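Analysis of the macromolecular model
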Amino acid sequence: MGLLDLFRGDRGDANSDSRYLADWVRTHRGVEAYIEPKTTVTDVTAVLVAADGEWTRRVVGERGAQRLASTLRIPVYDVARTGYPQRMRDYDARRRIERKRALEAELREL
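Residues numbered from 1 in each chain as written. Predicted model: local features only at pLDDT ≥ 70, side-chain atom pairs only at ≥ 80, totals over all residues. Heavy atoms only, no water.

Our focus in this paragraph is the pattern of salt bridges. Once the charged atoms of two side chains with opposite charge are near each other, the side chains can pair. As enumerated under the stated definition, the model contains 5 salt bridges in all. Residues Glu32 and Arg87 are paired through a salt bridge, measuring 2.7 Å at the closest nitrogen-oxygen approach. With Glu32 in strand E1 (residues 32–36) and Arg87 in helix H4 (residues 86–109), this pair connects stretches of sequence that are 55 residues apart. On the basis of relative accessible area, Glu32 is assigned to the buried category, the value being 17%. Arg87 gets classed as partly exposed once you look at its relative accessible area, which sits at 23%. Linking Arg57 and Glu36 is a salt bridge whose minimum nitrogen-to-oxygen distance equals 2.9 Å. In this pair, Arg57 sits in strand E3 (residues 55–59) while Glu36 sits in strand E1, placing the two residues 21 residues apart along the sequence. The exposure class of Arg57 is partly exposed, given its relative accessible area of 35%. (Salt bridge = Lys/Arg side-chain N within 4 Å of Asp/Glu carboxyl O. Helix = DSSP H or I, 4+ residues; strand = E, 2+ residues; numbered from the N terminus. Buried < 20%, exposed > 50% of the residue type's maximum accessible area, 1.4 Å probe, protein only.)

Taking strand neighbours across the sheet as the criterion, the 4 strands line up as E3-E2-E1-E4 in an open arrangement whose pairing is mixed. The open sheet has two edge strands with one neighbour each: E3 and strand E4 (76–78). Across the sheet, the mean angle separating the axes of adjacent strands is 25° when strand polarity is ignored. Where strand E2 (residues 45–49) lies against E3, 5 bridges are found, and the strand directions are antiparallel. Residue pairing for E3: Ala46 is matched across the bridge by Arg58. (Pairing = 2+ DSSP bridges. Axes fitted to C-alpha atoms, helices over the stretch in contact; angles between N-to-C directions.)

Counted at 1.5 Å a residue, the expected span for helix H2 (residues 61–72) with its 12 residues is 16 Å, and the 15 Å between its end C-alpha atoms agrees. Here H2 has its buried residues at Gly61, Gly64, Ala65, Leu68 and Leu72. Buried residues of H2, viewed axially, fall in a sector of 105°; they line one side. Opposite the buried face of H2, by more than 90 degrees, sit the exposed residues Glu62, Gln66 and Ser70. (Expected span 1.5 Å × (residues − 1). Arc of directions from axis to C-beta.)

This paragraph deals with the pairing of E1. By the criterion of burial, E1 is predominantly enclosed, with 5 of the 5 residues buried. Side-chain alternation along E1 places Glu32, Tyr34 and Glu36 on one buried face and Ala33 and Ile35 on a second face that is also buried. Pairing of E1 with E2 involves 5 bridges; the strand directions are antiparallel. Considered in E2, the bridge of Glu36 is made with Thr45. Pairing analysis gives 3 bridges linking E1 to E4, with the strands arranged parallel. Considered in E4, the bridge of Ala33 is made with Val76.

Before going further, it helps to spend a moment on a nonpolar patch on the surface. A contiguous nonpolar patch, built from Leu103, Leu107 and Leu110 and spanning about 370 Å² of accessible area, is present on the exposed surface. Within the secondary structure, Leu107 is located in helix H4. (Patch = residues over 30% accessible without salt bridge, like charges linked within 9 Å, V, L, I, M, F, W, Y side chains within 5 Å. Areas by Shrake-Rupley, 256 points an atom, 1.4 Å probe, with all protein chains shown as cover.)

Written out as structure tokens, the structure reads:
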């Protein structure tokens, strides 16, 4: 079984998701994974959070979530037990401020 097979769930594009997650971990520092439970709308998902708070989310399925830590060699947490890290919320707040300032600058130029 290869890396691209590890996150296979019921989705046909599991290969692209697993490749994306591996690339994201490789290109970001201090990445941790937070596993979100299955809902009526989505399968089990993983939220990867970098040291600066930047984050991404992908469906991994139950088997993929179990293999995430050993495959990507990053810490994995159950978000239902730990919650999301503060740096993720701080990152989102900074991005909102940046978007607002960019919009205001654009409007001033009009």
